[in-house]
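Take a look at the letters that make up each chain.
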Protein chains: 2
Amino acid sequence: VTARPEVTWVNGAPAETVSALDRGLHYGDGLFETISCRGGRARFLALHLDRLARGCARLGMALPDAATLRAEIETLARGANESVVKLIVTRGEAKARGYTPAGDEIPTRIAFRYASPAERGAPLRVRTAQMRLGENPALAGMRHLNRLEQVLARAELRGGAESELLLFSSSGKLVSGTMANVFLVRDGRLSTPRVDLCGVAGVMRQVVMREAAQAGIEVAERVIEAREIFEAGEVFFTNARIGAQPVGVLDGRALATGALTLRVQELIAKAADG
Amino acid sequence: VTARPEVTWVNGAPAETVSALDRGLHYGDGLFETISCRGGRARFLALHLDRLARGCARLGMALPDAATLRAEIETLARGANESVVKLIVTRGEAKARGYTPAGDEIPTRIAFRYASPAERGAPLRVRTAQMRLGENPALAGMRHLNRLEQVLARAELRGGAESELLLFSSSGKLVSGTMANVFLVRDGRLSTPRVDLCGVAGVMRQVVMREAAQAGIEVAERVIEAREIFEAGEVFFTNARIGAQPVGVLDGRALATGALTLRVQELIAKAADG
């Protein structure tokens, strides 16, 4: 695992710094994507770029030219066999002091290529987070740069045996992990929390929903109450890097990696990109 | 009004950029202060530095040396008669990919001096925001860098006659303006919303509470329901730059600048710093 990126580009050119006036720094006014690259190719790149475009529209931000973004990420991906490319797009440098965008900012794009840790895929030890996520439909679903909740949640893991948390919203609904979406399996059906009040609409979550539906597996995006966790026979987390990773221990309760989790892993592995 | 800062310092030296790996950029993992400087002096600097220190403790961040911070802000303030100094302190450059802090990051301090717009103090036109703020006690009260809610709220003002909004929480409680705290006056008493579920514990809010109490004015920090807005005879906003600014129009209803608002303005003007 290399801690620092192998390559950093700012607006398409190698650079190590961004403007101290960037609104991404001042307000978290931007979005990011974490893209898994395998065999020198960026997986599900079209889905990542689609989500980014939707986020820019919701934030009222100009979208960097899509062909340019695509070319940059593909070039970065080709430079290594296995990697993760993190792309940050901010609204750009502030034109004046204060929250209000001027409206004609030029977005900043920052791309990093990291050596990709091996995907061990070993079942995760997970526990319920104490911190609950605030609910705001205006922000929900986006992979925006306001991530203090996740930073603080992960501090709960310090010194413990667990490597992930199950996060609930302020109104007590299941949301996600700290860096992954979550699926529950019960009676051969998949469920994953809605992300219209908080949480992120993960690209791998979208892939799993699409592939499961195409394979004839029932999958519901819905409000999930805390008690339903205890009724689930299988639980797995998803994100672009880990794919679908089973939960092996949840709040001390052992969970087997079930048939449906393995089936979803197969579906992801052979899913068509885009 | 100068849109760009007159001076920018990063870690105590003139600089225009920060590391592209800074956790302030990636996650909004940091805090800021906006300090009003009058006659070459930073007002209420001790209160600003106290709040910053409390925020660092809550985020589990190292606090930059307080004497160094104080000296930097005082030096910046001395360089102009009237200015605003914005100080950002982030957790520092990321040591690895992912939300979890390594724990030994070195905080980044970024200071800007802006020419200060004249404080017109004219009564504000305000309306109730459609967007509601998410509630999270783990983040409430801090002036952290996760400010997308404020950015999006201010977009509601575009094209309208108002210059500020009244923000409510997801559970319907009054919180603040987009860049100011709010006080209501009724029957000679001041009330301001608690900031334990969302909102920022403003330095000027603290000054007003302290000075009012010392002057024998009753002041309550409490849960405020929406209907109480309509029962208030005076409403004013506070922040470090504007002091206490009366609301002249609220959702179309005219409000006079009352005696207690004027009294609070006097108290702020003669308040002892620190």
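This section reports on the structure supplied with the text. Everything numeric in this text was worked out from a predicted model, so none of it was measured.

Regarding the overall build of chain A
Consideration 1: The helix and strand inventory of chain A stands at seven helices and 16 strands.
Consideration 2: Compactness check: chain A gives a C-alpha radius of gyration of 19 Å against a globular reference of 19 Å for 274 residues, within 12% of the reference.
Consideration 3: Reported as C-alpha extents along the three principal axes, the dimensions of chain A are approximately 55 × 40 × 40 Å.
Consideration 4: Taken across its 274 residues, chain A has 59% of its residues classed as buried.
Consideration 5: Pairs at least 24 residues apart make up 72% of the contacts formed inside chain A by residues separated by at least 6 positions.
Consideration 6: As displayed, chain A offers around 10600 Å² of accessible surface, 51% of which is attributable to carbon and sulfur atoms.
Consideration 7: One finds the centroid of the 36 positive side-chain charges in chain A at a distance of 1 Å from the centroid of its 31 negative side-chain charges.

Remarks on the relation of the copies chain B and chain A
Consideration 1: Superposition record for chain B on chain A: RMSD 0.0 Å, screw rotation 180°, translation along axis 0.0 Å. The operation mapping one copy onto its partner corresponds to a two-fold rotation axis.
Consideration 2: Counting the interface residues of chain B, we find that 100% of their copies in chain A are interface residues as well, pointing to one common contact surface.

So, the sheet that holds strand 7 (residues 108-115) of chain B
Residue and element names in this part refer to chain B.
Consideration 1: Sheet architecture is open: six strands sit in the order 2-1-7-6-4-5, paired in antiparallel fashion. Lying at the two open borders of the sheet, with one neighbouring strand each, are strand 2 (13-14) and strand 5 (41-42).
Consideration 2: The pairing of strand 1 (residues 7-10) with strand 2 spans two bridges and is classified as antiparallel. Each residue of the ladder has a partner; that of Trp-9, found in strand 2, is Pro-14.
Consideration 3: Along the sheet, helix 2 (residues 45-59) makes contact with strand 4 (30-38), strand 5 and strand 6 (82-90), crossing strand 4 at roughly 180°.

Some remarks on the interface of chain B and chain A
Consideration 1: Listed by partner, the interface residues are 59 residues for chain B and 59 residues for chain A.
Consideration 2: At the boundary of chain B with chain A, the tally comes to two salt bridges.
Consideration 3: Glu-93 of chain B is paired through a salt bridge with Arg-4 of chain A; the nearest N and O atoms lie 3.3 Å apart.
Consideration 4: Here chain B and chain A share 19 residue pairs in polar contact (both at pLDDT 80 or more) between them.
Consideration 5: Of all the elements, helix 4 (residues 148-155) of chain B adds the most residues to the side of chain B that touches chain A, at six residues.
Consideration 6: Tallied by class, residues from the side of chain B that touches chain A come to 26 nonpolar, 16 polar and 17 charged.
Consideration 7: One ladder, built from three bridges, connects strand 3 (residues 17-19) of chain A with strand 3 (residues 17-19) of chain B; its direction is antiparallel. What sits directly across from Val-18 of chain A, in strand 3 of chain B, is Val-18 of chain B.

What counts as what
- Residues numbered from 1 in each chain as written.
- Chains lettered and ligands numbered in written order.
- Predicted model: local features only at pLDDT ≥ 70, side-chain atom pairs only at ≥ 80, totals over all residues.
- Heavy atoms only, no water.
- Helix = DSSP H or I, 4+ residues; strand = E, 2+ residues; numbered from the N terminus.
- Rg over C-alpha atoms; globule rule 2.2 N^0.38 Å.
- Buried < 20%, exposed > 50% of the residue type's maximum accessible area, 1.4 Å probe, protein only.
- Contact = heavy atoms within 4.5 Å.
- Areas by Shrake-Rupley, 256 points an atom, 1.4 Å probe, with all protein chains shown as cover.
- Lys, Arg positive; Asp, Glu negative; His and termini not counted.
- Charge placed at Lys NZ, Arg CZ, Asp CG, Glu CD.
- Least-squares fit on C-alpha atoms with pLDDT ≥ 70 in both.
- Pairing = 2+ DSSP bridges.
- Axes fitted to C-alpha atoms, helices over the stretch in contact; angles between N-to-C directions.
- Salt bridge = Lys/Arg side-chain N within 4 Å of Asp/Glu carboxyl O.
- Polar contact = N/O pair within 3.5 Å; in protein donor to acceptor, adjacent residues only side chain to side chain.
- Nonpolar A, V, L, I, M, F, W, Y, C, P; charged D, E, K, R; others polar.

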